[in-house]
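# An overview of the molecular structure
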Amino acid sequence: MQAIDEAPALSSLAERLMALKDHFIHTLYDNVCRSLFENHKPLLSVALATSLLRAEGKLDDADLRFLLHGSPVEIKKGLPNPTDFLTKQTWNQVLGLALLPAFERFEQHFANAVDEWKRWLEHPEPEKHAMPGVGPDTTLTPFQQLLPMRVLRLDRLTQSITQFVITTLGESFVHPPAFELRNAFKDSTNLTPFIFILSPGSDPVGEVINLSVELHCHKKLEITSLGQGQGAKAERMIEDAMSRGGWVLLCNCHLAESWMPELERICEGIGASCHRDFRMWLTAAPSAAFPVAILQSGIKLTTEPPKGLRANLQRTYLSLDSRALEGCAQPVPFRKLLFAFAFFHAVVQERRRFGPIGWNIPYDFTNEDFNVCKLQLRIFLDQYSEVPYEVLRTIGARINYGGRVTDDKDKRLISTLLETYVCPDILSPSYTFCSRTEYFCSNAETREEWLEFIRNLPVTAGPEVFGLHPNANISVAVREARQLVHDITTLIPQAGGGDTEADSTLTLAQQAEAATPELFDEVYVAARFPIRYEESMNTVLVQEIERYNRLLSRMRVTLADFQKALKGLVVMSEDLESLGHSLLEGAVPKVWEAYSFLSMKPLPSWLNDVKARVAFLRRWISGGTPATFWMSGLYFPQGFLTGTMQNYARKHHIPIDRITFTFEFANTMIEPMEHPADGCHVSGLWLEGARWVLNDHRLDWSNPKQLFTQMPVVTFLPMPEDVAEARDTGVLYACPSYKVVSRAGALSTTGRSTNFVQMIDVPSGPFTTSVWTKAGVAIFLSLPD
């Protein structure tokens, strides 16, 4: 109705209808945006654009499915990869793209213009440059232009989607309206409560108070924070405000879960007798206990603090009292160390943006962590003549902030980060926090001077400010693109359906069944590799065979049942229906994940990985214990390493708890053919955050745009702890190794993550180990596509 009233009146019916449509879409976008967090607002724009195009018949469902899922199968018949810069998985997606009508013979056109495509791919912003022709007389729609970007430059897909929205809807749909509480108030009545959805660092109370002052309602505003025993007080406040036209602000509703049904009853009882000026304001963090009926009837609002290191520092210093920097017995160290803690506070929060390379587990650090450090800093500087740097670092990194940190690698990181800022060098005017010279500790004295210094910092802080390599920006872009595509998949109604979808799913199921390897003969393997005291590898192999057989059996049974269900021979259960959706989406079905090894690969690559792992084990069975182990192919690599140590301990009659691993790195990437005297050769390791210098046997910074580099064969050599400690090996970085790049995993019975494998001591080269700790350098057994 609002759109009908506000849209311009035009004499032409067609023009009037177009104006109504445009105004309705803008009104819908503006109203929904105010209830979304910032990272969800682009999703709304994409959903609007694609829904309009589908309604107008301008968007092919096959194109939409490819954007969301890519090619769900491995294409075996097709032009061989003509490049040395595209991976096997990427070229398979190129072949899949060529199956769409708009991209017919795309792979051939790509092969004929490899140099042009390479130049386009290497451009920092390829979406702003014309794409090499996909074929003669081919004109791609704005949506179709997204598909080659998804295949070839996933890190730029988000920017390309933004351009698609601008072309389809207009530029206003990529610039969400600024949050103005007064505009939202105009849409309210005494029957519609306001609901602020809280996010870390946001506090809408001040905005409500300011609006009440502006509208001359501040004398009628009552505020209370819900919690234990506050329900009755809140109910009295609501009843009083309803009768006299007051405002009621109930904060932190998520903390009063038991009172939420009563709040729902009160809201349902608000009727015509309620004073027309009455307004109810609620704040709550996302919670399943919050009444759905209130959410549906209320005006939902979100406020988020500005993001970025500079904005974080500004927020910290704006929260300080004007006298907070005064009165300390050591004023200069206090001001500088306070800024050091503030900078550290900003860094530990902003590193979350970089995903697993920033923190293994994202932690919700709060302003209270900083405030406690501030109070303790003043106390120590007032009581001691010398600055107790070690004490400040210990209580800051291990207690105040570290109390939230659960992962042991993250605990090492947070201590290393604080050492960068809280140190004697902070008092030197030439000391900088990173390679960027503008990030240093000012000599400012007053709060206003510090705020002016902070305002002059760059708006955007690069990865190097946080100790990371610039390649971390690419990782962020790829992760955000994948998340955006995943969110679009959950939001947009699935394209297709009917007989066509059933036929496609049946074909995919048949292809997956054909790609599933045969089961191992467990009886034969157990007889050929019997359990022996002096050879633990036999036990490792038998256990691996059992695990893979459970997975392969589950795959074969469910795929066969699914095909029968499609033909009506058995009931289509929820698990089988989920399997069908996963096949169409190119994802590993959930009915397999419980039996599967840890993996982040899409279904086509995952199936290839299964075949490669099974082939490795078959070579082990037929040829005996291998000289070099492809550890990435093992279901449980931790058990394999334990077996290696057991062999050494039993051979040399040394207690296993007095043995540790040392590591030797090969001079070439070629796998050795001879068994080592002790230990094992291991291949299949990948490095993130740094690269391995083969000739110099050390770490160095990664090459641009090269996110992962392959490690040479590593010899895991068990050795008595006292002998290992006596070796002169130079500076070694204890590099964590994981199965997959997510780093985080479930907590196992050993007290460690199921994803974590082993600390590997790697020569640090000319750099200190703290450099690689802050850079998030780690080794992985398996990579995503």
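Above this note sits the structure.
Residue positions within a chain follow its written sequence, with the count starting from 1. For this predicted model, a pLDDT threshold of at least 70 governs which residues receive local features, and a threshold of 80 or more governs which side-chain atom pairs are given and counted, while totals over whole chains, interfaces and linings are taken from all residues. The side-chain numbers reported here are obtained from all heavy atoms of the structure, hydrogens and water having been left aside.

Two pairing modes exist for strands in a sheet, parallel and antiparallel, and in both the strands are linked by backbone hydrogen bonds. Pairing is mixed in the open sheet, where five strands are placed in the order β12-β9-β16-β14-β15. One side of each edge strand has no neighbouring strand; the edge strands of this open sheet are β12 (708–710) and β15 (756–763). Strand after strand, the sheet turns through a mean of 35 degrees between neighbouring axes, direction not considered. Two residues form a contact once any of their heavy atoms are found within 4.5 Å. Comment: axis = line fitted to C-alpha atoms, over the contacting stretch for helices; angle = value between 0 and 180 degrees taken between N-to-C directions. We count a stretch as a helix when DSSP gives it H or I for four or more residues in a row; a strand needs E for two or more, and each element gets its number in order from the N terminus. Helix α19 (residues 408–421) contacts β14 (732–738) and β15 of the sheet and is inclined by roughly 140 degrees relative to β14. At least two DSSP bridges between two strands are needed for those strands to be called paired.

With that settled, consider empty space enclosed by the protein. The pocket and cavity definitions rest on a 1 Å grid over protein atoms only: a 1.4 Å probe that fits but cannot leave marks a cavity, an open set with protein on both sides within 12 Å along at least five of seven lines marks a pocket, and residues lining either have an atom within 4 Å of a point. Grid points are joined across faces, edges and corners, and a volume is the space filled by probe spheres set on the points. As enumerated under the stated definition, the model contains three cavities of 30 Å³ or more in all. The calculated volume of the largest cavity comes to roughly 130 Å³. In this structure, the largest cavity is lined by 17 residues; those nearest its centre are N360, K409, R743, T773 and G776. In terms of residue count, α19 provides more of the lining of the largest cavity than any other element does, four residues in total. Each residue gets one label: Ala, Val, Leu, Ile, Met, Phe, Trp, Tyr, Cys and Pro are nonpolar, Asp, Glu, Lys and Arg are charged, and the others, such as Gly, are polar. Grouping the amino acids of the lining of the largest cavity by side-chain chemistry returns eight nonpolar, four polar and five charged. Of the volumes computed, that of the second largest cavity is approximately 80 Å³. I357, L468, H469, N471, A472, S475, E688, G689, S702, Q706, L707 and A775 together form the lining of the second largest cavity. Across the lining of the second largest cavity, the residue classes break down as five nonpolar, six polar and one charged.

Right, let's talk about the packing of helix α24 (residues 536–566) against helix α27 (residues 603–623) for a bit. Where α24 meets α27, the closest approach of the two axes is 11 Å, and the angle between their N-to-C directions is 145 degrees. Handedness of the α24/α27 crossing: left-handed. From α24, M537, V540, L541, E544, I545, Y548, L551, L552 and M555 reach across to α27, where they touch W606, L607, V610, R613, V614, L617, W620 and I621. Taken together, the residues of the contact of α24 with α27 sort by class into 15 nonpolar, no polar and two charged. The crossing is said to be left-handed when, going from far helix to near helix, the turn is anticlockwise and less than a right angle, and right-handed when the turn is clockwise.

Right, let's talk about the environment of V588 for a bit. Position of V588 relative to the elements: it lies in the loop between α25 (574–585) and α26 (590–593). Residue V588 is classed as buried on the basis of its relative accessible area, which comes to 13%. Those residues in contact with V588 that sit more than four places away from it in its chain are S582, E593, K601, L603 and W606. Burial classes: relative accessible area under 20% of the type maximum marks a residue as buried, over 50% as exposed, and values in between as partly exposed (1.4 Å probe, protein chains only).

Only residues above 30% relative accessible area that lack a salt bridge enter a patch, with like-charged residues linked at up to 9 Å and the nonpolar side chains Val, Leu, Ile, Met, Phe, Trp and Tyr linked at up to 5 Å. Accessible surface is estimated by sampling points in the Shrake-Rupley manner with a 1.4 Å probe; for residues, cover comes only from the protein chains shown. Each salt bridge in this description consists of a side-chain nitrogen of Lys or Arg and a carboxyl oxygen of Asp or Glu lying within 4 Å of one another. Counting rule for charge: Lys and Arg are taken as positive, Asp and Glu as negative, and neither His nor the chain ends is counted. Throughout, a charge is located at the NZ atom of Lys, the CZ atom of Arg, the CG atom of Asp or the CD atom of Glu. Judged by side-chain charge, D657, E721, D722 and E725 come together as a negatively charged surface patch. Residue D657 is classed as exposed on the basis of its relative accessible area, which comes to 60%.

Attention now moves to the pairing of strand β8 (residues 680–683). Going residue by residue along β8, you find C680 and V682 tucked away on one face and H681 and S683 tucked away on the opposite face as well. When β8 meets strand β13 (residues 714–720), the two strands line up antiparallel, connected through three bridges. When the bridges of β13 are listed, V682 appears paired with V714.

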